[in-house]
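Examining the three-dimensional arrangement
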Amino acid sequence: RNHLGAAGHICILKDAFGCESPTEIANLISSEKFDAALAIHLYKGGRLLQGSKIPFGIVFGGTDINEDTRCEEKHRIMGAVLAEARFAVAFTTKMKELAAAEWPHARKKIYVQTQGIKTTPSETFDWNRFLQNAGIPTGVDNLHIFLLICGLRRIKDPLYLVDVFSDWHRKEPSVHLGIIGPAVDPLFTSEVEEKVKRAPGVHLLQEMSQDDLHAAMKRCFAVVNSSISEGMSAAILEAMDLDIPVLARNIPGNTAIIKHTDTGLLFSDPQEFVLLSKSLMNDPIMKREIVRKAKDYVKRHHSWECERKTYQNLV
């Protein structure tokens, strides 16, 4: 949105979850006299623009290509949307290839542009208050806070590590896992709340502004990703930019940006997560090297300026 605003466009942001049908969006387009549209997620956003009277582009979300293609009805709708779209953006070459394999007619209109990263940690963030609000004791020596940042929905699997982390915390009370993110799925959020209540050392944290979140990330020991499926995690890239090591589940979206033991650590099960976390805690030289290489990777491959230029040109 900032990228397009900087090029002189007026942008209206609309949440696809709050839209009932393509008719609702068609009415909005005609009443607001929009010139063009950009949908994020080929199915969730794209289906609302089917038959649109204005040109539109698509940004693949990740679950659309990785998961939704398995459903025949969604596959059919996504193919029709892609046929109408002027362009589509994939975060990785692999994602472009997966989409092109499903819809060969669209290959020439799919562009690869990684997510651009810009971190803005707040100068006035109060770390002690953050810990107190989370129910984490502040007077503990050698505190290790792991932060899992995600919207609370099943595909992000925030409960994947809860049991094993809680067991670890019982043996080593200085380790804590904070789960933070918007309640995307209210029913699932209740499930997470119930589980976390019974899991010592695991905390469900209040959502906060991006600047404060970046400041909290800077103070934690590591950022964690336990998603079942991922397009390209902005939280992982932001952690890399903020000099914080990342422990991520070994899935295609994460392996596209993390090289194991080089720019981060990849785990295949909860037990391996604990083993890798301990090795990171006990080897400051490895930690320093991972952080250095990750920062360099983000600088080279996730330029915010380059992303801006791409979207301005496409629109």
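Residues numbered from 1 in each chain as written. Predicted model: local features only at pLDDT ≥ 70, side-chain atom pairs only at ≥ 80, totals over all residues. Heavy atoms only, no water.

In the nomenclature of an unreviewed UniProt entry, the chain corresponds to Glycosyltransferase 1 domain-containing protein 1 from the organism Struthio camelus australis.

Attention now goes to the UniProt feature "domain: Glycosyl transferase family" (unreviewed entry) in the chain. Within this structure's numbering, the places UniProt gives as "domain: Glycosyl transferase family" (unreviewed entry) are residues 145–295. Taken end to end, residues 145–295 is 46% helix and 17% strand, and its first and last C-alpha atoms sit 20 Å apart. (UniProt positions renumbered as here; feature names shortened; annotations may be inferred. Helix = DSSP H or I, 4+ residues; strand = E, 2+ residues; numbered from the N terminus.)

To continue, consider the packing of aromatic side chains. Following the criterion strictly, the structure yields 11 aromatic pairs and no others. Ring geometry for Phe146 and Phe273: centres 6.0 Å apart, planes at 70°, overall edge-to-face. With Phe146 in strand S5 (residues 144–149) and Phe273 in helix H12 (residues 270–282), this residue pair connects regions lying 127 residues apart in the sequence. For the pair formed by Phe146 and Phe273, the shared burial category is buried. Among the aromatic residues, ring-to-ring pairing joins Phe146, Tyr160, Phe165, Trp168, Phe221, Phe267 and Phe273 into one connected group. If you follow Arg47 out to its NZ or CZ, it ends over the ring of Tyr43, 5.3 Å from the centre. Across from the ring centre of Trp304, 3.9 Å away, lies the NZ or CZ of Lys118, which sits over that ring. (Phe/Tyr/Trp six-rings, centres within 6.5 Å; stacked < 30°, edge-to-face > 60°. Buried < 20%, exposed > 50% of the residue type's maximum accessible area, 1.4 Å probe, protein only. Lys NZ or Arg CZ within 6 Å of the ring centre and 35° of its normal.)

We now examine the sheet that holds strand S9 (residues 246–249). Spatially, S7-S6-S5-S8-S9-S10 is the arrangement adopted by the six strands of the open sheet, whose pairing is parallel. Each having just a single partner strand, strand S7 (202–205) and strand S10 (265–267) make up the two edges of the open sheet. Direction aside, the axes of adjacent strands within the sheet are offset by 25° on average. When S5 meets strand S6 (residues 175–180), the two strands line up parallel, connected through six bridges. Its bridge partner lying in S6, Ile149 is registered against Ile180. Where H12 meets the sheet, it contacts S5, S6, strand S8 (222–225), S9 and S10, and its direction lies at approximately 160° from that of S10. (Pairing = 2+ DSSP bridges. Axes fitted to C-alpha atoms, helices over the stretch in contact; angles between N-to-C directions. Contact = heavy atoms within 4.5 Å.)

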